[in-house]
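The primary structure of each chain is shown beneath.
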Amino acid sequence: MNVEKMMNALEAKHPGEVEYLQAVHEVLESIEEIYNANPQFESAGIIERLVEPDRILTFKVPWVDDNGKVHVNLGYRVQFNGAIGPYKGGLRFHPSVNLSILKFLGFEQIFKNSLTSLPLGGGKGGSDFDAKGKSDTEIMRFCQSFMMELWRLIGPDTDVPAGDIGVGGREIGFLYGMYKKLAREHTGVLTGKGLNWGGSLIRPEATGFGAVYFAKEMLATKGESFEGKKVALSGFGNVAWGAAIKVNELGGKVVTISGPDGYIYDEEGISGDKIEYLLELRASNQDIVKPYSYEFPNAKFYAGKRPWEVAVDVAIPCATQNELGKEDAETLVKNGCMAIAEGANMPCTPEAVEVIHDNKLLFAPGKAANAGGVATSGLEMSQNSLKFSWSREEVDEKLHTIMVNIHKACVEHGKDAEGYVDYVKGANIAGFLKVANAMLDQGVL
Ligand code: NDP
Ligand code: 2IT
């Protein structure tokens, strides 16, 4: 494999799919050496088959708003690779959603799911639907219409969607209800379900918990812990919420959260009742960042800015892709930040990652650090198959073990001669090898 040639061919075939090409490029660079050292990969065309999704479904999603007006959104499901298990990955509802974004997310998901050690293939889906300002009944009608198309493509052993940006417990409920009606069966076809109808304890917190467990392992390699550390989070959704809880539990202090309009700096720390207050705002579909600064006047709101200008020990970007650029990384380095863990998928630009690596910071890529979410989805699927529920402690312990093992796999494949761990390389190689070997075993498909 020649990375440049491969990228040129992909750019010609998929012009303008910036995020997808960015994600593929990163993986190809990491695996080039090991790929070329194992000629069986080349002769089986593994990489050419891996970079293209198995299939993509695109469909229209018509729905009626509360005033009787008809709207049409686009819906997608990208079934990327099913070598090691049923397609698995979230649904994103956000106006920015397009095929490039879903292909990048589906591609990343292949390696992430492989790292979890569970039998999960990679997929992703979603819609350009904007939930901001919509009523619950509008969201319900949209989800029902979306599922009327999607249901034929998914199943508990075929493809198991879950949440992502804009899709949480409420949306999964509406989607599941419609699936159940159409398929006439109660199965674990979606994860992130409510606790009363097949969901798993810890799933809502799992991505954030997992990212903090992973960062804890990284810090431990330097003899450090979260105790007394200042931590910057971005966003305040499913992932940031879980991360905030776990950082506080481990003795760290969360000083920032953000939204599309700016960030909050709360020197006193965001914990306890403040987190409860944020959750109430989120549940009511409101902007949360600005109101926080009215409720807690010691906190400052910085309009139109990102939290990376605050001096912190650890940064955990939890909002969206490419939200932390080169200059942000330079500022974090200058301010003495020692570790960055990607709670979101690909929040750091390639230029930012270069700065972080050049300065030998601890850096966890999303496909390793945020794998706790999908891993706990995998645990939800296991519980559904067993028709049994594990306790909070049991799920948390399994999640913790999975994160510790992912960290070990990254170190095994990413440590260089001087002892610095390139977790990006480690995660990509470890994730790739399992999938590539499964593809070799199963023939050309
Ligand atoms: P949520 O929708 O729950 O939260 C997203 C948060 O990020 C919100 O606070 C949102 O603000 C903010 N945000 C969204 N888009 C932007 C933007 N363009 N600029 C600035 N802020 C933005 O999503 P999740 O927490 O589920 O997902 C966050 C990230 O984590 C995504 O990258 C997702 O792919 C990844 N991830 C999610 C997992 C999960 O289990 N949910 C698992 C692994 C990764 P607002 O609501 O005001 O728009
Ligand atoms: O990016 C992700 O890993 C997720 N949004 C979670 C996917 C899942 O199937 O739980």
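Everything quoted here is computed from the prediction, not taken from an experiment.

Reading guide: rules and limits
- Residues numbered from 1 in each chain as written.
- Chains lettered and ligands numbered in written order.
- Predicted model: local features only at pLDDT ≥ 70, side-chain atom pairs only at ≥ 80, totals over all residues.
- Heavy atoms only, no water.
- Disulfide = S-S within 2.5 Å.
- Buried < 20%, exposed > 50% of the residue type's maximum accessible area, 1.4 Å probe, protein only.
- Axes fitted to C-alpha atoms, helices over the stretch in contact; angles between N-to-C directions.
- Helix = DSSP H or I, 4+ residues; strand = E, 2+ residues; numbered from the N terminus.
- Left-handed = near helix turned anticlockwise from the far one by under 90°.
- Contact = heavy atoms within 4.5 Å.
- Nonpolar A, V, L, I, M, F, W, Y, C, P; charged D, E, K, R; others polar.
- Near = heavy atom within 4 Å.
- Polar contact = N/O pair within 3.5 Å; in protein donor to acceptor, adjacent residues only side chain to side chain.
- Areas by Shrake-Rupley, 256 points an atom, 1.4 Å probe, with all protein chains shown as cover.
- Core = buried A, V, L, I, M, F, W, Y, C linked by side-chain atoms within 4.5 Å.
- Patch = residues over 30% accessible without salt bridge, like charges linked within 9 Å, V, L, I, M, F, W, Y side chains within 5 Å.
- Salt bridge = Lys/Arg side-chain N within 4 Å of Asp/Glu carboxyl O.
- Pairing = 2+ DSSP bridges.
- Right-handed = clockwise from strand over helix to strand, strands pointing away.
- Phe/Tyr/Trp six-rings, centres within 6.5 Å; stacked < 30°, edge-to-face > 60°.

**Observations concerning the state of the cysteines**
Within the structure shown, the criterion is met by zero disulfides. Free of any disulfide, C410 has its nearest neighbouring cysteine sulfur in C348, separated by 15 Å. The buried category is assigned to C410, whose relative accessible area is 0%.

**Here we look at the packing of helix α8 (residues 203-220) against helix α15 (residues 371-386)**
At a closest axis distance of 7 Å, the pairing of α8 and α15 adopts a crossing angle of 145°. The handedness of the crossing between α8 and α15 comes out as right-handed. For the pair α8 and α15, contact is made by R203, A206 and T207 and by G372, G373, V374, T376, S377 and E380, respectively. For the contact of α8 with α15, the per-class residue count stands at two nonpolar, five polar and two charged.

**A few points about the site of ligand 2**
Neighbouring residues of ligand 2: 14 residues in total, closest K88, K112, D164, R203 and S377. K112 is positioned with one of its side-chain polar atoms (N or O) 2.7 Å from an oxygen atom of ligand 2. Relative to its unbound accessible area of 290 Å², ligand 2 is 94% covered by the protein chains. For the shell around ligand 2, the secondary-structure elements that each account for two or more residues are β3 (87-93), α5 (99-115) and α15.

**Comments concerning the nonpolar core**
If you look at the biggest cluster of nonpolar residues, it comprises 62 residues, and the most contacted ones within it are F214, F226, L233, F236, I316, I406 and Y423. If sequence neighbours within four positions are ignored, Y423 has contacts with F214, M218, T221, L362, F363, A364, P365, H407, C410 and V411. Counting 39 residues, the second largest nonpolar core, distinct from the first, contains Y76, V97, F111 and M439.

**Observations regarding a nonpolar patch on the surface**
Together, V64, V70 and V72 line one region of the surface with nonpolar side chains, adding up to about 250 Å² of accessible area. Mapped onto the secondary structure, V72 falls in strand β2 (residues 70-81). The exposure class of V72 is exposed, given its relative accessible area of 55%.

**Brief notes about the pairing of strand β4 (residues 122-127)**
In terms of residue burial, β4 counts as a mostly covered element, since six of its six residues are buried. Here β4 shows two buried faces, one formed by G122, K124 and G126 and the other by G123, G125 and S127. Of the pairings in the sheet, the one linking β2 to β4 comprises six bridges and is antiparallel in character. Bridging across to β4, R77 finds its partner in G125. The sheet contact formed by β3 and β4 spans three bridges and is parallel. For R92, the partnering residue across the bridge sits in β4 and is G126. Running through α5, the crossover from β3 to the neighbouring parallel element β4 is right-handed.

**Here we look at the site of ligand 1**
Taken together, 24 residues sit near ligand 1, with D164, R203, T207, F236 and N345 positioned nearest. Within the backbone of F236, one N or O atom sits 2.7 Å away from an oxygen atom of ligand 1. Taking 890 Å² as the accessible area of ligand 1 by itself, protein coverage stands at 84%. Across the shell around ligand 1, the residue classes tally to seven nonpolar, eleven polar and six charged.

**Focus: the pattern of salt bridges**
Evaluation of the coordinates by the stated rule reveals 19 salt bridges. The residue K367 makes a salt bridge to E108 at a minimum N-O spacing of 3.2 Å. Here K367 is found in helix α14 (residues 366-369), whereas its partner E108 is found in helix α5, with 259 residues between them in sequence. Overall, K367 belongs to the buried group, its relative accessible area being 1%. A salt bridge links R170 to D136; its shortest N-O distance comes to 2.8 Å. With R170 in helix α7 (residues 169-183) and D136 in helix α6 (residues 136-150), the pair connects residues that are 34 residues apart, well separated along the chain. Exposure remark for R170: the relative accessible area of 27% places this residue in the partly exposed category. Overall, D136 belongs to the partly exposed group, its relative accessible area being 45%. The network of salt bridges with shared partners includes E26, E108 and K367.

**Quick look at the packing of aromatic side chains**
In total, this model carries 19 aromatic pairs according to the counting rule given. Considering the side-chain rings of F93 and F129, the 6.3 Å spacing of their centres and the 85° angle between planes classify their relative orientation as edge-to-face. One end of the pair, F93, is in strand β3; the other, F129, is in the loop between β4 and α6, with 36 residues separating them in the sequence. With respect to burial, F93 and F129 carry one shared label: buried. Pairing F107 with F111 gives two aromatic rings, centres 5.0 Å apart and planes at 70°, and the pair type is edge-to-face.

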